[in-house]
Amino acid sequence: MSAQMTRREVLAVAALGLAAGGVGPAFAAAPQGQLTWAIHVSLAPGWFDPADTLGIITPFMVLYALHDAMVKPMPGGAQTPCLAEAWSASEDGLAYDFTIRRGAKFHNGEPVTAEDVRFSYERYRGAAHTEMQDNVAAIETPDAQHVRFKLKKPWPDFLTFYSSASGAGWVVPKAYVQKVGADGFKKAPIGAGPYKFVSFTPGVELVLEAFEGYWRKTPAIKRIVMKVIPDESTRLAALKRGEVDIAYSIRGELGQEVQRTPGLTLKAVVTQAANWIYFPEQWDPGSPWHDLKVRQAANLALDRDGMNQALFLGHCRINNSIIPDTFDYYWPPPAATYDTAMAKRLLAEAGYPDGFDAGPFYCDSSYSNIGEAAVDSLQQVGIRTRLQPVERAGFISAYAAKKYRRGILRGASGAFGNAATRLASFVVKGGAYAYGSYPDIDALYPQQADELDRSKRATILDKMQQLVYDKAVYAPIWELAFLNGVGPRVGQSGFGMIPGFAYTAPFEDITIKPG
C-alpha cells in the first residue's frame, strides 16, 4: 500500500500514528507533593524563552517543563507530534502543513492558535535563525487550527530544525508577549507546557506548579523546585540529607559514594553532548595553533580513557567526533589515539621542541574537572595552558559572542539535530560558535542542504566530517555521560526517557513513590 501513497500521505499517516501511540489526556488524578532538584549551574532567565535558544541543550532543562512545541523529541521519537497533532509535506517538498491540537492551551487559559505559532517562529532569534530565515519564504495561517510553512526551495532539514535543532517550534502566547514585552516575559513566562511559572530567585531557585490543563496528561507532582547548587559535594550532601530529591552531575568519587549509599541511585545517561577542545587561533598565521601538526599533537595528548574512568566511571562514549554517533548522517572517524611520544615529535617538527605557552583554557565552570584533566594531559607534552573557569551562562554567551579568540576552550553541545545541524553551528562560516572556517568545507554545506537524494547527501556530509577530522579543527573528547543522584522518594525520575537528552523529562511523567 505504501508504494501507492504520496509523500504527503506517508508523512501525514506517520504523524497521526505517533500521536495515536502517545499518552492521551488524563485529567482524573490531581497532582500531589513536591520534588526538589539540585541544579549544577545557575539558571538564566534567557532559558525561560524559547526564542533565545543558542544551539545547546541546557535551556531545554527548563523548556520541557514550562513550554511545549509543535513537534519535539519525546520517548516516542525525535519528531513526536505535540501541539501539532499532525503534519504533512507537499509532494514537491515546498510546503509543510501543521494541524494544531484541539484543546491545547496556555497557562493563562487561552487556546494555542495558528497566529501564536507564526508569531513564535518569527520572533525566534537563536542559533538557527539565519538558516531558517534563508529557507522559509512565508507562513500562512488559513484558520486558527492550521499553519503552512512555504519554503523557497526543497529543504530536507526543515523538520529537523523546526522540531529539535532550534527553539523556533516552541510556542508562546502572542498577545501576552506583546503585552509584557521580551524582558517582561522572562520575568513571568507563560507557556503551554506541563508546569507553570510560580517564582524565580536568581542564583537561588525556580519554582513551578503543575498545569492541570496540559493536553497530554495531568502531571503527577504538584510542585517542582529547581535549587541552584553549583558545588558538587554540596549537592550530594543535600541529596543524602533528603533536602533535594534529584541532584544533577555527581561524578567520579562522589558518584561512587552515591552507589554506596543506601536509598540513593546513580543514574547515568549517555547523552548526545559531544565534548571537545577548540582552537580559535588556528586561523591566525602567527599562532602555534595555525600549524596542523600542533592541533594533531593536542589530539594525541589527551588520555581520554583515563579521564573517562576517573571522572565519569567509564560511562562516557569516545567517538572522536563533534557529531554524536546517534545522529543521522554521522561519519565514523578513525578511533582516537593516546600517544604522547608522537605528540612530542609533531610539536618538534612544528618548531616547538620545548612546547609552548598556549595561554588561557576557557571552560564552563561546572565541568572544570574535564578542563583540569585536559590541562594536565596537554602539559605532559609541553603545551602549557591555564584553566579559566566561567559560570555556564556567561561562558555560553561569551563563546557565542566570539570573545575567546585567544587561547583554547572546552566546548560542548547536547542539542538535538543531525550531522548537518551540528556542522552549521560549529564548523561552517557564519555558525553561531564558529570562530573561522575552511573554504572547502564551506563549499560543501549548501550542496548537502540542496541535495534531496539521501545517498548523495550522505556522501557530501561524510566528506565534510572527514575534512573536519583531517584538519583537526577540534580535539574531540567524548560523548558525555551525565551522572546524577536520585533519592528514595522518586518513582519515575525521567532520566533516559528521551534518547540522548541529559536531563529529566518529560516532566509530566515524573512521579513520587507511593507511601
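Residues numbered from 1 in each chain as written. Predicted model: local features only at pLDDT ≥ 70, side-chain atom pairs only at ≥ 80, totals over all residues. Heavy atoms only, no water.

Trainee: Now, about the sheet that holds strand β8 (residues 195-201): what can you tell me, with residues and values included?
Mentor: The mixed open sheet is built from 10 strands, whose spatial order is β8-β9-β10-β1-β11-β16-β12-β15-β13-β14. The open sheet terminates on both sides in strands that have one partner only, identified here as β8 and β14 (383-390). Two elements, strand β12 (residues 265-278) and strand β15 (residues 408-413), share five bridges in a ladder whose sense is antiparallel. Looking across to β15, one finds that A274 is bridged to S413. (Pairing = 2+ DSSP bridges. Helix = DSSP H or I, 4+ residues; strand = E, 2+ residues; numbered from the N terminus.)

Trainee: Requested: an account of the environment of P156, with residues and values cited.
Mentor: Structurally, the position occupied by P156 is in the loop between β7 (146-151) and α5 (158-163). Taking relative accessible area as the criterion, P156 reaches 30% and is therefore assigned partly exposed. Linking P156 and P280, residues 124 residues apart in sequence, is a C-alpha distance of 31 Å. Non-local contacts of P156, meaning those with residues more than four positions away in its chain, are made with A449, E451, L452 and R457. (Buried < 20%, exposed > 50% of the residue type's maximum accessible area, 1.4 Å probe, protein only. Contact = heavy atoms within 4.5 Å.)

Trainee: Tell me about the pairing of strand β5 (residues 95-100), residues and numbers included.
Mentor: Among the six residues in β5, five count as buried, and that is most of the element. Inspection of the sheet shows strand β4 (residues 84-89) paired to β5 by five bridges, in the antiparallel sense. Across the sheet, the residue bridging to A86 is T99, located in β5. Here β4 folds back onto β5, and the loop between the two strands holds five residues, one of which, G93, carries a positive phi near 75°. The pairing of β5 with β7 spans five bridges and is classified as antiparallel. Residue pairing across strands places T99 opposite H146, the latter belonging to β7.

Trainee: I'd like a rundown of the side chain of S377, residues and numbers included.
Mentor: Considering the arrangement of structural elements, one finds S377 in helix α12 (residues 368-380). Classification of S377 as buried rests on a relative accessible area of 8%. Ignoring sequence-local partners within four residues, the contact set of S377 consists of A301, L302, D303 and M307.

Trainee: An account of the packing of aromatic side chains is needed here, citing residue identities and associated values.
Mentor: Within this structure, the stated rule accounts for 41 aromatic pairs. Ring centres of F48 and F197 lie 6.3 Å apart, and the angle between their planes is 55°; on these two criteria the pair is classed as tilted. Taken together, the positions of F48 in the loop between β1 (32-39) and α2 (60-66) and F197 in strand β8 put the pair 149 residues apart, joining distant regions of the chain. The pair formed by F48 and F197 is uniform in burial state, with each residue classed as buried. Each member of the aromatic cluster is reached from another via a ring pair, and the members are W276, Y278, W283, Y362, F395, Y399, Y404, F426, Y433, Y435, Y438 and Y474. One cation-aromatic arrangement involves R101 over W215; the distance from NZ or CZ to the ring centre is 4.0 Å. Lying over the aromatic face of F185, R123 brings its terminal NZ or CZ to 5.8 Å of the ring centre. (Phe/Tyr/Trp six-rings, centres within 6.5 Å; stacked < 30°, edge-to-face > 60°. Lys NZ or Arg CZ within 6 Å of the ring centre and 35° of its normal.)

Trainee: Could you give an account of the sheet that holds β5, with specific residues and numbers?
Mentor: Taking strand neighbours across the sheet as the criterion, the four strands line up as β4-β5-β7-β6 in an open arrangement whose pairing is antiparallel. Each end of this open sheet is capped by a strand with a single partner; those strands are β4 and β6 (136-143). Between one strand axis and the next, the sheet turns through 20° on average, direction left out of account. On the sheet, helix α3 (residues 114-123) packs against β5, β6 and β7 and is oriented at approximately 165° with respect to β6. (Axes fitted to C-alpha atoms, helices over the stretch in contact; angles between N-to-C directions.)

Trainee: Lay out the pairing of strand β2 (residues 71-74) with the relevant residues and their values.
Mentor: Of the strand pairs in this sheet, β2 and strand β3 (residues 77-81) are connected by three bridges, and their pairing is antiparallel. Across the sheet, M74 pairs through a bridge with G77, a residue of β3.

Trainee: Break down unusual backbone geometry for me, citing the residues and quoting the values.
Mentor: In the segment running from A505 into P506, the intervening peptide bond is cis, with an omega of -5°. Phi at K402 is positive, roughly 60°, even though this residue is not glycine. Looking at the element boundaries, K402 is found in the loop between α13 (392-400) and β15. Its identity is not glycine, yet A472 carries a phi of approximately 50°, on the positive side. On the secondary structure map, A472 appears in the loop between α16 (454-470) and β16 (474-486).

Trainee: Residue-level account of α12, with values.
Mentor: Over its 13 residues, α12 runs 18 Å from end to end, which matches the ideal 18 Å to within 8%, given 1.5 Å per residue. Taken together, the buried positions of α12 are S368, N369, I370, G371, A373, A374, V375, S377 and L378. Once α12 ends, the next one or two residues include G382, with phi positive near 105°. (Expected span 1.5 Å × (residues − 1).)

Trainee: A description of the side chain of D364 should follow, citing residues and the corresponding values.
Mentor: Residue placement: D364 occurs in strand β13 (residues 356-364). Its relative accessible area of 4% is what places D364 among the buried residues. Engagement of the side chain of D364 in a polar contact is seen with the side chain of R392, the distance being 2.6 Å. Once residues lying within four places of it in the same chain are set aside, the contact partners of D364 are V390, R392, F395 and R410. (Polar contact = N/O pair within 3.5 Å; in protein donor to acceptor, adjacent residues only side chain to side chain.)

Trainee: For the environment of P334, give the residues involved together with the corresponding values.
Mentor: Tracing the sequence through the fold places P334 in the loop between α10 (304-312) and α11 (340-349). When the C-alpha atoms of P334 and Y469 are compared, they prove to be 8.9 Å apart, with 135 residues separating the residues in sequence. Other than its neighbours up to four places away in sequence, P334 contacts N320 and Y469.

Trainee: Can you lay out the state of the cysteines for me, pointing to particular residues and giving the numbers?
Mentor: Counted by the stated rule, this structure contains zero disulfides. Between C316, a cysteine without a disulfide, and C363, which holds the nearest cysteine sulfur, the sulfur-to-sulfur distance is 15 Å. (Disulfide = S-S within 2.5 Å.)

Trainee: Give me the lowdown on the environment of D357, citing residues and values where you can.
Mentor: As for its position among the elements, D357 is in strand β13. Residue class for D357 comes out exposed when judged on its relative accessible area of 52%. The sequence separation of D357 and G407 amounts to 50 residues, and the corresponding C-alpha distance is 9.3 Å. If we ignore the near neighbours within four places in the chain, the residues touching D357 are R384 and R386. At 3.4 Å, the side chain of D357 and the side chain of R386 are in polar contact.

Trainee: I'd like a description of α11, backed by residues and values.
Mentor: Of all the positions in α11, only A343, L346 and L347 are classed as buried. Viewed end-on, α11 has its buried residues packed into an arc of 100°, placing them on one side of the element. Looking at the buried side of α11, the elements it contacts are α9 (292-301), β13 and β14. Two to three positions downstream of the cap, the backbone nitrogen of A341 sits 3.3 Å from a side-chain oxygen, assigning the N-cap of α11 to D339. (Arc of directions from axis to C-beta.)

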